[in-house]
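Here's the letter readout for the chains.
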Amino acid sequence: MKNNLSNIKKAVKYLNKNQCIGIPTETVYGLAANAYSGVATDKIYKLKKRPKNNPLIVHYSDLKMLKQDCEINDLFLKLYKKYSPGPISYILRLKKNSAISKNITNKKNSLAVRFPSHPIARRLLKMLNYPLAAPSANISTKISPVSKKDVKDEFGKKLSFVLDGGQSKIGVESTIIDLINKPQVLRLGGIPKEQIKKYLNQNLVYNKKSKIKTPGQGKVHYSPYIKLRLNVKNPKNKEAFILIKKRKRVAANYFYLSKGNNLEQAAKNLYKTLRLIKKSKFNSIAVEKIPNKGFGEVINDRLKRASYFK
Ligand code: TXA
Ligand code: MG
């Protein structure tokens, strides 16, 4: 991508003026603003139509600034060394004297933090003297964006600037792990939980219904606002059909998530495919059974929540 640096400088200008902007990350695009500013982060809630009781993830370039805001522990450092920068977010104890805006923490003394690996996001973060609050850049409960164009589709002219970083490589949100008490996965995501469990060599709690701890999880979410059925063998006439395994049949309503049976590639293509189906004006979606392991578990989690739309 040409013109990277001049665009990143433009992004800095917007952010320094307390504006919110779209930024690329390796998981999904984020709607970013200065995490130390109530004025700036307010704009995120308004644009996203996000309830104020849902706290925001904060993005850092490295540990230096993080240490001013959060208590860190050994378990965190162990995971940080292995997986950050990358598609994992940690819930840490917020320091009392931290400059994080009260606007984004829902009166909790915890903070979700992440270190994105996307080179443009990293470069941007390094040029700022504050971290960036950045939830996924979609209207609350809808599909997350994986390209600049997706972000534009969500907000149109209401958002003045989106930094282009190409298509997000992972394509689903970060794995969220709570490290305040016993390590607990709150959201499945870019690093499959079995991998983390193996690395830590200790039990990792995952409760699908941890609604209270993560207000954004549980209800209709990741939804194209089209009815969606899971574990379907044969679609109805005129129904969009999402498949994971390549078959002989090619039809206008068949949407393959991957060429072979590659779950990682399928995750990367998931949101893009849902958007395409929406644009193609289908009014119902059927999904083939997807193996519930690794990235397949993440895909099933997102589709399950999308299927709550009736
Ligand atoms: O990959 C990602 O994490 C993307 C990119 C842009 O970084 N961000 C993202 O943010 O997915 P968001 O806001 O769409 O999802 C973050 C989730 C929400 O469900 C929110 O409720 C939860 O994290 N969360 C935020 N702060 C929390 C906290 N202190 N404790 C528990 N859950 C928290
Ligand atoms: Mg989101």
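Caption draft 1: Structural view of the overall build of the chain. Scanning the chain for helices and strands turns up nine helices and 13 strands. Whereas a compact globule of 310 residues would reach a radius of gyration of roughly 19 Å, the chain reaches 19 Å, a difference of no more than 12%. Expressed as lengths along the three principal axes of its C-alpha atoms, the size of the chain is roughly 60 × 45 × 35 Å. For the chain, the share of sequence-separated contacts (at least 6 apart) that also reach a separation of at least 24 residues comes to 69%. Of the roughly 14900 Å² of accessible surface on the chain, 51% is carried by carbon and sulfur atoms. Charged side chains in the chain number 66 positive and 18 negative. The centres of these two groups are separated by 4 Å.

Caption draft 2: Inspection of the sheet that holds strand β13 (residues 284-287) at higher detail. Taken in spatial order, the four strands make up an open sheet running β10-β13-β11-β12, and their pairing is parallel. For this open sheet the edge positions go to β10 (227-229) and β12 (254-256), each flanked by a neighbour on one side alone. Adjacent strand axes in the sheet meet at a mean angle of 25°, parallel and antiparallel pairs treated alike. Pairing between strand β11 (residues 240-243) and β13: three bridges, direction parallel. Its bridge partner being in β13, Ala240 is matched across the sheet by Ile285.

Caption draft 3: Representation of the environment of Leu200 within the structure. Inspection of the secondary structure puts Leu200 in helix α7 (residues 193-200). The class of Leu200 is buried, set by a relative accessible area of 5%. Counting along the chain gives 121 residues from Leu200 to Leu79, while the straight-line C-alpha distance between them is 8.1 Å. If we skip the residues at most four places from it in the chain, Leu200 touches Leu75, Lys78 and Leu79.

Caption draft 4: Up close: the packing of aromatic side chains. Applying the stated criterion across every chain, the model contains 12 aromatic pairs. Consider the rings of Tyr14 and Phe161, whose centres lie 5.2 Å apart with planes at 15°: the pair is stacked. Separated by 147 residues along the polypeptide, Tyr14 in helix α1 (residues 4-16) and Phe161 in the loop between α6 (148-155) and β7 (175-178) bring together distant segments of the chain. Among the residues examined, Tyr14 registers a relative accessible area of 25% and is labelled partly exposed.

Caption draft 5: Main features of unusual backbone geometry. That bond from Ser84 to Pro85 is cis: its omega, -5°, falls within 30 degrees of zero. As for its placement among the helices and strands, Pro85 is situated in the loop between α4 (74-83) and β4 (88-93). Residue Thr141 is not a glycine yet carries a positive backbone phi of 75°. Assignment of secondary structure puts Thr141 in the loop between β6 (132-133) and α6.

Caption draft 6: Spotlight on the site of ligand 1. Around ligand 1, a shell composed of 28 residues is seen, among which Thr27, Asn54, His59, Ser136 and Ser174 lie nearest. About the coverage of ligand 1: the protein hides 97% of its 680 Å² of free accessible area. Those elements giving two or more residues to the shell around ligand 1 turn out to be β4, β5 (110-114) and β8 (184-187). By residue number, the principal contributor to the shell around ligand 1 is β5, which donates four residues. Partitioned by chemical class, the residues of the shell around ligand 1 number 12 nonpolar, 11 polar and five charged.

Caption draft 7: Local environment of the side chain of Glu173. By secondary structure assignment, the location of Glu173 is in the loop between α6 and β7. Separated by 2.5 Å, the side chains of Glu173 and Ser144 make a polar contact.

Caption draft 8: Seen up close, helix α9 (residues 295-306). An ideal rise of 1.5 Å per residue puts 16 Å on 12 residues; α9 measures up with 17 Å between its terminal C-alpha atoms. Summarising burial for α9: 11 of the 12 residues are buried, a large majority. If you check which residues of α9 are buried, you get Phe295, Gly296, Glu297, Val298, Ile299, Asn300, Asp301, Arg302, Leu303, Arg305 and Ala306. The inward-facing, buried residues of α9 contact β8, α7, β9 (205-206), β10, α8 (263-279) and β13.

Caption draft 9: Summary view of the packing of α1 against helix α5 (residues 119-126). Running from N to C, α1 and α5 cross one another at 50°; their axes reach a closest spacing of 10 Å. Judged by the inter-axis angle, α1 sits oblique to α5. Note on packing geometry: the crossing formed by α1 with α5 is right-handed. Along the contact surface, α1 presents Asn4, Leu5, Ile8, Ala11, Val12 and Leu15, while α5 presents Ile120, Arg123 and Leu124. Residue composition of the contact of α1 with α5, by class: seven nonpolar, one polar and one charged.

Caption draft 10: Summary view of the domain arrangement of the chain. Once the domains are mapped, the chain shows domain 1 (5-206) and domain 2 (227-307). A C-alpha centroid distance of 27 Å is found between domain 1 and domain 2. Summing both partners gives a buried area of about 1600 Å² for domain 1 against domain 2, and 55% of it is carried by carbon and sulfur. Taken as a group, Ile143, Val172 and Leu188 account for 32% of the area that domain 1 buries against domain 2, more than any other trio of residues on that side. Counting the contacts that link domain 1 with domain 2 gives five salt bridges. For Arg275, the salt bridge is made with Asp150, and the minimal N-O distance between the two is 3.6 Å. At the surface where domain 1 touches domain 2, the tally comes to seven residue pairs in polar contact (both at pLDDT 80 or more). Counting residues per element, the side of domain 1 that touches domain 2 draws most heavily on α6, which supplies four residues. Its residues assigned to classes, the side of domain 1 that touches domain 2 comprises nine nonpolar, six polar and eight charged.

Criteria and thresholds
- Residues numbered from 1 in each chain as written.
- Chains lettered and ligands numbered in written order.
- Predicted model: local features only at pLDDT ≥ 70, side-chain atom pairs only at ≥ 80, totals over all residues.
- Heavy atoms only, no water.
- Helix = DSSP H or I, 4+ residues; strand = E, 2+ residues; numbered from the N terminus.
- Rg over C-alpha atoms; globule rule 2.2 N^0.38 Å.
- Contact = heavy atoms within 4.5 Å.
- Areas by Shrake-Rupley, 256 points an atom, 1.4 Å probe, with all protein chains shown as cover.
- Lys, Arg positive; Asp, Glu negative; His and termini not counted.
- Charge placed at Lys NZ, Arg CZ, Asp CG, Glu CD.
- Pairing = 2+ DSSP bridges.
- Axes fitted to C-alpha atoms, helices over the stretch in contact; angles between N-to-C directions.
- Buried < 20%, exposed > 50% of the residue type's maximum accessible area, 1.4 Å probe, protein only.
- Phe/Tyr/Trp six-rings, centres within 6.5 Å; stacked < 30°, edge-to-face > 60°.
- Near = heavy atom within 4 Å.
- Nonpolar A, V, L, I, M, F, W, Y, C, P; charged D, E, K, R; others polar.
- Polar contact = N/O pair within 3.5 Å; in protein donor to acceptor, adjacent residues only side chain to side chain.
- Expected span 1.5 Å × (residues − 1).
- Parallel < 35°, antiparallel > 145°, perpendicular 65-115°, else oblique.
- Left-handed = near helix turned anticlockwise from the far one by under 90°.
- Domains from an automatic or database assignment.
- Buried area = accessible area lost by both parts, 1.4 Å probe.
- Salt bridge = Lys/Arg side-chain N within 4 Å of Asp/Glu carboxyl O.

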